[in-house]
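Here's the letter readout for the chains.
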Amino acid sequence: FWTLSLSVSKHLRYRSFQHRVFALSKKIDWKNDLKFVYFPLAMQPELTTSALGGIFNDQMLAIERLSHLLPEDWKVIVKENPKQTDMQRGEWFFSRLSHLRNVILIDPHESSHFLIEKSQFVAVVTGTAGWEAIKGGKKALVFGFAWFMSLPGVIKYHESLTFDSILSYSFTHEELEIAYSR
């Protein structure tokens, strides 16, 4: 009986979490020239985000910092990890998210490859999407201590970082290949 009760409770929490995510998710008209940064949320708890994220294991802190860094006409597109449960995604998480003027939560099943391609750059704590971005020629703003952070294409977040310095940074695929080979 105890195991069944625990399973039902866990399922109900998960369904409530899914409902909250989908209720807050917005549809985007991709025909418009939307300037945005793609921020895919890492599943939590997760070793890389928890151990290597530093203070940004609170992913909302990273999103808040990114939101304040961008100009008025730019957006942060946040995508929840499709496998995420309600762990570390309570009401406060979504309350903080909803108070950011330029942040849009989208459907968790939207294609990451499409979002990376359409974005001006990608922002992650330590996630694989950062690596995928630089492999594809996009810049990656990294908040934590990702394994790929020393490679060309990666911009390490710090308090004095400016939006202009992010935009002016460039790298070539050849530089990335050489550095990766080393």
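Residues numbered from 1 in each chain as written. Predicted model: local features only at pLDDT ≥ 70, side-chain atom pairs only at ≥ 80, totals over all residues. Heavy atoms only, no water.

Draft legend 1. Seen up close, helix α3 (residues 59-69). Within α3, 9 of the 11 residues are buried, which leaves it mostly tucked inside the rest of the structure. Along α3, the residues classified as buried are Q59, M60, L61, A62, I63, E64, L66, S67 and L69. (Buried < 20%, exposed > 50% of the residue type's maximum accessible area, 1.4 Å probe, protein only. Helix = DSSP H or I, 4+ residues; strand = E, 2+ residues; numbered from the N terminus.)

Draft legend 2. Highlighting the packing of aromatic side chains. Applying the stated criterion across every chain yields a total of 13 aromatic pairs. Taken together, a centroid distance of 6.4 Å and an interplanar angle of 55° make the contact between F39 and F143 tilted. In this pair, F39 sits in strand β1 (residues 35-40) while F143 sits in the loop between β5 (139-142) and β6 (154-156), placing the two residues 104 residues apart along the sequence. Per residue, the accessibility class of F39 equals that of F143, and both read buried. When the centroid spacing of 6.2 Å and the interplanar angle of 40° are considered together, the rings of W74 and F121 count as tilted. Of this pair, W74 sits in strand β2 (residues 74-79) while F121 sits in strand β4 (residues 121-124), and the two are 47 residues apart along the sequence. The two residues W74 and F121 agree in class, both being buried. The structure contains a cluster of three or more aromatic residues connected by ring pairs, namely F39, F56, F143 and Y157. Positioned over the ring face of F145 is K156, at 4.4 Å from the centre of the ring. (Phe/Tyr/Trp six-rings, centres within 6.5 Å; stacked < 30°, edge-to-face > 60°. Lys NZ or Arg CZ within 6 Å of the ring centre and 35° of its normal.)

Draft legend 3. Up close: the nonpolar core. Counting residues in each nonpolar core, the largest one holds 32 residues, and the members touching the most others are F39, I63, L66, V78, L141 and F143. Listed by contribution, the elements that provide at least two residues to this core are α1 (2-24), β1, α3, β2, α4 (91-98), β3 (103-106), β4 and α7 (163-168). With 6 residues, α3 is the largest single contributor of residues to this core. With near-sequence residues (within four places) excluded, L141 lies in contact with L66, L69, F121, V122, A123, V124, I155, K156, Y157, L161 and I166. Among the nonpolar cores identified, the runner-up in size contains 22 residues, and I116, A129, F148 and L151 belong to it. (Core = buried A, V, L, I, M, F, W, Y, C linked by side-chain atoms within 4.5 Å. Contact = heavy atoms within 4.5 Å.)

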